[in-house]
Amino acid sequence: VRLVRFGFDDGERAARLLSDPALGLWDLDRNEPADPEAGPVVSALARAGDPDLAVLSLHRLVEALDKADPGGGAAAALLARLRGSGPLRGRLLAVLGASSGLADHVAASPGDWTVLDADGHAVGVGAVRPAAHALERQFLAAVGADPDDPPWGVRLGKAAPDASRERISALRLAYRRAVLSLAGRDLGDGLSAEDVAGELSDIAAAVLTAALALAVAEQPADAAACRLAVIGLGKCGGRELNYVSDVDVVFVAEPVDPTDAESPALASATRVAAALMRICRETAWEVDAALRPEGKAGALVRTVAGHRAYYEHWASTWEFQALLKMRPVAGDPDLGRAYVDGLWPMVWTSGERPGFVAEIQAMRRRVEENIPPAQAERELKLGRGGLRDVEFAVQLLQLVHGRADPSLRVGGTIPALMALSAGGYVGRADAATLVASYRFLRTVEHRLQLLRLRRTHLLPSDEQQLRWLARSLGYKPDQRGDAVAVLRSELALHTREVRRLHEKLFYRPLLSAVARVPGEQLQLGSKAAGDWLRALGFADPDGALRHLAALTGGVSRSASMQRYLLPVLLQTFASCADPDAGLLAYRQVSEALGGNQWFLRLLRDEGQVAERLAQLLGSSRYVASLLTHTPEALRILADDDELEPRSATSLAGAWRAAAGRAPDPQAGIRVLRGLRRQELLRVACADLLGRLDVVRVGHALTDIAVATLQAGLDVAVRAYAHETGIAPDDVPMDLTVIGMGRLGGGEMGYGSDADVLFVHRARAGADEGKAAAAANAVAHTLRRLLGEPAPDPAFDVDADLRPEGRQGALVRSLSAFGEYYERWVSVWEVQALLRAVPAAGDAELGAAFVELVDPLRYPAEGLSAEQVAEIRRIKARVERERLPRGADPATHTKLGRGGLADVEWTVQLLQLEHAAELPALRTPSTMDALAALRDAGLLEPEQADALRAAWELASRARNAIFLVRGRPSDQLPRPGLELAGVARASGYGPDGDAGQFVDDYRRTTRRARGVVEQLFYGLTPTG
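Being a predicted model, the structure only gives us computed values, none of them experimental. (Residues numbered from 1 in each chain as written. Predicted model: local features only at pLDDT ≥ 70, side-chain atom pairs only at ≥ 80, totals over all residues. Heavy atoms only, no water.)

**Student:** Lay out the pairing of strand β9 (residues 754-762) with the relevant residues and their values.
**Tutor:** Burial analysis of β9 places eight of its nine residues in the buried class, which makes it a mostly covered element. Two elements, strand β8 (residues 733-739) and β9, share seven bridges in a ladder whose sense is antiparallel. Bridge pairing in β9 places Leu735 opposite His760. Following the backbone out of β9, through helix α34 (residues 768-787) and into the adjacent parallel strand β10 (residues 797-798), one traces a crossover that is right-handed. For β9 and strand β11 (residues 811-813), the ladder comprises three bridges, and the chain directions are parallel. The partner of Phe758 across the bridge, within β11, is Val811. (Buried < 20%, exposed > 50% of the residue type's maximum accessible area, 1.4 Å probe, protein only. Helix = DSSP H or I, 4+ residues; strand = E, 2+ residues; numbered from the N terminus. Pairing = 2+ DSSP bridges. Right-handed = clockwise from strand over helix to strand, strands pointing away.)

Set out below in structure tokens:
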């Protein structure tokens, strides 16, 4: 029972074996260790992956030693060392409890336990990790070959001893002994996964070298002389072998005398290679040469020139990926280096092949799809979150970026990850996570293979084997459950993280873009880069190179990441109207952020941020200016949801709270401006990226203006209260801000002023004069605070539509408005009131103002002939007097023929005439009113479509002009870069066909003008 508590499943059998005089480790009567020195031995057995297997295997080993040495000295020596040596206990008993295969080996070759003894008198070769050359000499000596007389470069048949069955058996034993030594240190000393894989790769190279000596010795004396090299690929080449794994190789041969014919030498080399493969299969593992040119159908051995010719003309993408880890592992070292040197450059140009990235991604998906469904959740190697996820991601990144960065040209997965992290291609945290998970998965795979020394990468389904695996990995019960539950939890964590990072890195959109850049042009400081910039369309390639030098100079991580990102950004800048301006803006944004790497990590890691940023900076000075002052807002480009505009309600709530927390009104307005700037950036980015139509842009910009007015009004009231020494709640009046013009219509553009009316009402018991003065002071403060010069986009609060215009009082009471409108209102003022909507301030007062003006703007009798004539006269005067000198009426978006004013005045004239009888026309929105006019039959569908198309195109063009220039204008630019940029920003595709854009604009507005002349001016169409 006590031994069961220690971890033995079969306590009775364990007690019987431990108490056997052959071991003498347990006292049955006392039910405890036989002596104090036996206690640590029993404890070490209990800590083994399978304590029952460990004690049974130890008993078999002692019996085998007794049989080999009937005097008992050998067994006694082992038991004595177990009692006295902690390292030996840890190694030997861990091996015996983790691997039935190695337990069988020590039972068959009992003297080999000494290779695990680190500090005894019989120290074996496995006490510490042997160097690769030491292993090679050891294995050659084991088969009777002279380590100083290598079997290459001389006549075959004279280079090595006779390859007898005994020699092959000796090689098998040497191999098992080396694996035993490594497993002992792995299990007992806790070697890292890469140390284990590296030593296994050294063992494999030593086996190949010894097998080559035996294979050469088998050849007849008259065989043609040749030089033969064995090139390791895959895990062997990358020094990542498992305990049990096929060893991937290719063979390369040449005649000893270069003037000799190749055929005889290749025939001899082929026989040697075939013999080597057979000997390795009999002694250690399969040698797999299927990765050679043409696979199993191809010649087993080729010359360097033959290999090179194949890879130059016929190789598939995956074959270059297979060469990524190639290294000479046996045979003629000079020939091996010649092979690698001949093919190495091809590996680093393969990333430029058409469809390279997509092909490797598809290959990984095919691997997953071919996993039997029943095994998918148990696959450590091929499944989701498995070893292949790490390896494919790392290799793809290497092949794409290694074309220009030699530091990435390394063979192993972990060294490659370290290099990718050092170069800034993978984030430090991501690289550390992948390294940890890769080590974990490799360690689990090693433990699985050790059990029976069989090749496997499937987790066991049997609960007992899972328990053995968990214990062999050192897991103990914790809050997650028993050892198996802990193992499952760790596996789930690592595979989940590997899959997440695999999808993040392997399917990174930037990869395909980088792969499209020729390798020589990735070297940003070269002459080729200057020529490339010129070819891309940079007007000042020398200036562009100076920007690149400023961004990539030095050896900092930021400079490395810029060298990685810029080739992709440059290609995107080239698709914009002004690549030079885009690159300059990018430099300014980068410098505004200083050395802050979150910005570069965002461009590298998050979806399409890099290309989106380049597109925006190369298209819009407005966006460039916003980003320079709010670079932290770049994060919105990483998430499509972040590009969705926010409603006025949500913005106002957050902004009023944020401004209210500021220590004083000036600080509050600075907070408000920063928040407004970020929202303007959100809308501009979404607009330029094609995520918003022009109507939604107008709504979004209006919502920003409304929220700004609401939060700004709070700040203005607070400022007034501070100046007068009262509490903000004690001001003597209520104030409402009525939105007019584009603000009221929900149709603001980027350069639109906020047209408003200020309406106040004295609070109960307050003096009318003091209320009016307070309202006037608050309104003036609001306009001043929001309109002060600053780096932010201007926000002009324009009250010129108030009664008497600029000559009238800025603020009036509700009753004063009523009196004015009753006695003095002009028809144009009534027309302006069609867009009157409460925007900020007291909601009840705003509703009262609307109630006041509704009878005016929706006149029950419609318009008189005189009023219609007056409206036409005013519009004609506006066209005549306000159209700027030199402007082209055909391409002026606001006052030009078929432009915004034409459409809006026509719609408003119809609203004034018919809104009293048609409630659907009582809307401040031009587009909603146009739809209502069509539905009511007041417009023919063709007329409505013509007006809508012109209004939308003119609005888009007007916004695009502002986005491109960074300042307002209503006139389409002349042919050139700006016009091309406006065309792109108006949705005319990446090529921005400016001619087509202008032709479409003229045609669309011409059709609309024809409708305006019929409906607004009452003219009869000609023709």
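**Student:** Can you explain the side chain of Thr702? Please cite residues and give values.
**Tutor:** If you trace the backbone, Thr702 turns up in helix α32 (residues 694-724). Only 3.4 Å separates the side chain of Thr702 from the backbone nitrogen of Glu747, close enough to count as a polar contact. Ignoring any residue separated from it by four or fewer positions in sequence, one finds Thr702 in contact with Arg742, Leu743, Gly746, Glu747 and Met748. (Polar contact = N/O pair within 3.5 Å; in protein donor to acceptor, adjacent residues only side chain to side chain. Contact = heavy atoms within 4.5 Å.)

**Student:** With reference to specific residues and values, describe the pattern of salt bridges.
**Tutor:** Throughout the structure, instances matching the rule amount to 72 salt bridges. Between Arg165 and Glu282 there is a salt bridge, with its nearest N and O atoms 3.0 Å apart. Here Arg165 is found in helix α9 (residues 165-189), whereas its partner Glu282 is found in helix α12 (residues 262-283), with 117 residues between them in sequence. Where Glu788 meets Arg784, a salt bridge forms, and the shortest distance between an N and an O atom there is 3.2 Å. Judged by relative accessible area, which is 26%, Glu788 ranks as partly exposed. When its relative accessible area of 39% is taken as the criterion, Arg784 is described as partly exposed. It is possible to trace a salt-bridge network through shared partners that takes in Arg129, Arg185, Asp195, Glu199, Asp202 and Arg239. (Salt bridge = Lys/Arg side-chain N within 4 Å of Asp/Glu carboxyl O.)

**Student:** If you had to explain the packing of aromatic side chains to someone new, which residues and values would you point to?
**Tutor:** The final tally for this structure, using the stated rule, is 19 aromatic pairs. Taking 5.0 Å as the distance between ring centres and 55° as the angle between the ring planes, the aromatic pair formed by Tyr425 and Tyr564 counts as tilted. Here Tyr425, found in the loop between α18 (413-422) and α19 (428-452), pairs with Tyr564, found in helix α25 (residues 557-574); they are 139 residues apart in sequence, far enough to count as distant. Across the pair, Tyr564 and Tyr425 agree in class, each one buried. Their ring planes at 85° and their centres at 5.4 Å tell us that Phe817 and Phe849 sit as a pair that is edge-to-face. A residue pair is termed long-range when its members are at least 10 positions apart, and Phe817 in helix α35 (residues 814-823) and Phe849 in helix α37 (residues 843-857) qualify at 32 residues. No difference in accessibility class separates Phe817 from Phe849, as the two residues are buried. (Phe/Tyr/Trp six-rings, centres within 6.5 Å; stacked < 30°, edge-to-face > 60°.)

**Student:** I'd like to hear about the nonpolar core, residue by residue, with values.
**Tutor:** Phe139, Leu208, Phe251, Tyr339, Tyr586, Leu709 and Phe758 are the most contacted members of the largest nonpolar core, which has 320 residues in total. Examining the composition of this core, we find that 15 residues originate from one element, helix α10 (residues 193-217), more than from any other. Residues in contact with Tyr339, not counting those within four places in the same chain, are Ile231, Val250, Val252, Val304, His307, Tyr311, Leu323 and Met326. Within the second largest apolar cluster, 15 residues are counted, among which are Leu757, Leu814, Leu833 and Phe849. (Core = buried A, V, L, I, M, F, W, Y, C linked by side-chain atoms within 4.5 Å.)

**Student:** Could you give an account of the packing of α32 against helix α41 (residues 941-965), with specific residues and numbers?
**Tutor:** Relative to each other, α32 and α41 sit at 55°, their axes nearing to 9 Å. Comparing the axis directions of α32 and α41 gives the class oblique. Crossing of α32 against α41: the hand is left-handed. Contact residues: α32 offers Val694, Val695 and Val697, while α41 offers Trp951, Glu952, Ser955, Arg956 and Asn959. A class-by-class count of the residues in the contact of α32 with α41 yields four nonpolar, two polar and two charged. (Axes fitted to C-alpha atoms, helices over the stretch in contact; angles between N-to-C directions. Parallel < 35°, antiparallel > 145°, perpendicular 65-115°, else oblique. Left-handed = near helix turned anticlockwise from the far one by under 90°. Nonpolar A, V, L, I, M, F, W, Y, C, P; charged D, E, K, R; others polar.)

**Student:** Got a sec to walk through the packing of helix α38 (residues 865-882) against helix α39 (residues 900-914)? Specific residues and values, please.
**Tutor:** Think of two packed helices as two axes; the pair is described by the angle between the axes and how far apart they sit. For the pair α38 and α39, interaxial distance at closest approach is 12 Å and the crossing angle is 165°. By the angle between their directions, the pair α38 and α39 is classed as roughly antiparallel. At the point where α38 passes α39, the crossing takes the right-handed sense. Along its contact with α38, which presents Val868, Ile871, Ile874, Lys875 and Glu879, the element α39 presents Ala901, Asp902, Trp905, Leu909, Leu912 and Glu913. In the contact of α38 with α39, the residues fall into seven nonpolar, no polar and four charged.

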